[in-house]
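Listed below are the residues making up each chain.
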Amino acid sequence: MQRTLLMIKPDAVEKRAIGRIINMLEENGFKIISIKSKVFTKEEAEKFYEVHKDKEFFSSLIDYITSGMVVGIMVEGDNAVSKLRELVGATDPRKARAGTIRAVFGESIERNAVHASDSPESADKELSLFFGHEH
């Protein structure tokens with residue numbers, strides 16, 4: 001069993017999509033281990049997204065992700081990282097396969113509803129940042 005993070009971003013929280021996204025997780029076989037909501041500080045967001053710190057979109061990403069509440073969901077399942085990425089869909093919601101979370105709830109590349117860890121190593125780091133050492 002593998003654990004990974006799905007983070008519902010401020011745009012999807014504003015749309016009141018939390019319950020529908022959790023439903024999609026459960027319907028696709030993921031076991032929910034923990035759920036936590038928070039508003040990132042600038043420093044927390046910069047640490048969470050440090051992999052993008054040299055990219056031109058970094059400051060707008062930080063402004064956006066700190067603009068409202070996010071919901072972190074620790075999920076567990078066989079090959080959870082890759083299976084969750086498949087359920088999440090492409091970064092650009094317009095290119096995401098129909099029925100994926102981003103195709104259903106995303107608005108743009110930045111306001112794309114959710115973040116999902118992209119590797120087991122990222123999942124471990126991001127779960128620690130979001131939930132502390134309880135994972």
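Overview of the structure.

Calculation notes
Sequence order as written defines residue numbering, which begins from 1 separately in each chain. The predicted origin of the model limits local features to residues at a pLDDT of at least 70 and limits the giving and counting of side-chain atom pairs to 80 or more, whereas totals for whole chains, interfaces and linings rest on all residues. Excluding hydrogens and water, the side-chain values take into account all heavy atoms of the structure. We call two strands paired when DSSP finds no fewer than two bridges between them. Starting at the N terminus, helices and strands are each numbered in turn, a helix being any DSSP run of H or I of at least four residues and a strand any DSSP run of E of at least two. Only the stretch in contact is used when fitting a helix axis, every axis being a line fitted to C-alpha atoms; angles between N-to-C directions are given from 0 to 180 degrees. Any two residues whose heavy atoms approach within 4.5 Å at even a single point are treated as in contact. Note on classification: 1.4 Å probe, protein chains only; a residue is buried when its accessible area is under 20% of the maximum for its type, exposed when over 50%, partly exposed between these limits. Pairs of N or O atoms within 3.5 Å make up the polar contacts considered here, provided that, within protein, one atom can donate a hydrogen while the other can accept it, and that residues adjacent in sequence are counted only when both atoms are side-chain atoms. By this rule, a helix spans an expected 1.5 Å times one less than how many residues it contains. Think of the arc as the fan of directions from the helix axis to the C-beta atoms. Using only the protein atoms, space was sampled on a 1 Å grid; points where a 1.4 Å probe fits but cannot get out form cavities, open sets with protein on both sides within 12 Å along at least five of seven lines form pockets, and lining residues are those with an atom within 4 Å of a point. Grid points are joined across faces, edges and corners, and a volume is the space filled by probe spheres set on the points. Asp, Glu, Lys and Arg are counted as charged, while Ala, Val, Leu, Ile, Met, Phe, Trp, Tyr, Cys and Pro are counted as nonpolar; the rest, among them Gly, fall into the polar class.

Taken together, the 4 strands give an open sheet; going across it, the order is β2-β3-β1-β4, and neighbouring strands pair in antiparallel fashion. Sheet topology places β2 (31–38) and β4 (114–116) at the edges, where each strand pairs with a single neighbour. Strand-to-strand twist of the sheet, defined as the mean angle between neighbouring strand axes without regard to direction, takes the value 20°. Two elements, strand β1 (residues 2–8) and β4, share 3 bridges in a ladder whose sense is antiparallel. When the bridges of β4 are listed, L6 appears paired with A116. Relative to the sheet, helix α5 (residues 80–88) contacts β1, β3 (70–77) and β4, its axis offset from that of β1 by approximately 30°. Along the sheet face, helix α7 (residues 120–131) touches β1, β2, β3 and β4 and points at about 60° away from the line of β1.

Within the element layout of this structure, H115 appears in strand β4. For H115, a relative accessible area of 13% gives the class buried. Polar side-chain contacts of H115 include one of 2.9 Å to the side chain of E126.

Let's shift gears to α7. For α7, spanning 12 residues, the distance from its first C-alpha to its last is 16 Å, which sits close to the expected 16 Å at 1.5 Å a residue. Looking at α7, one finds that the buried residues are A123, E126, L127, F130 and F131. When α7 is viewed along its axis, its buried side chains cluster within an angular range of 105° and face the same direction. Tucked inside the fold, the buried residues of α7 contact β1, β2, α3 (42–48), β3, α5 and β4. G132 sits one or two residues past α7 and shows a positive phi near 80°.

A word on unusual backbone geometry. Here N79, not a glycine, exhibits a phi torsion of approximately 50°, which is positive. When you line up the elements, N79 lands in the loop between β3 and α5. Backbone geometry places A113, a non-glycine residue, at a positive phi of 80°. Mapped onto the fold, A113 is located in the loop between α6 (101–105) and β4. A relative accessible area of 0% places A113 in the buried class.

Turning next to the layout of surface pockets. Quantified by volume, the largest pocket comes out at close to 530 Å³. Elements with a minimum of two residues in the lining of the largest pocket: α4 (58–65), β4 and α7. Along the lines of polarity and charge, the residues of the lining of the largest pocket split into 8 nonpolar, 7 polar and 7 charged. Lining of the second largest pocket is provided by M1, N28, G29, F30, E76, G77, D78, K83, E86, L87 and R97. Taken together, the elements giving at least two residues each to the lining of the second largest pocket come down to β3 and α5. Ranked by the residues each element gives to the lining of the second largest pocket, the list is headed by α5, at 3 residues. Per-class residue counts for the lining of the second largest pocket are 3 nonpolar, 3 polar and 5 charged.

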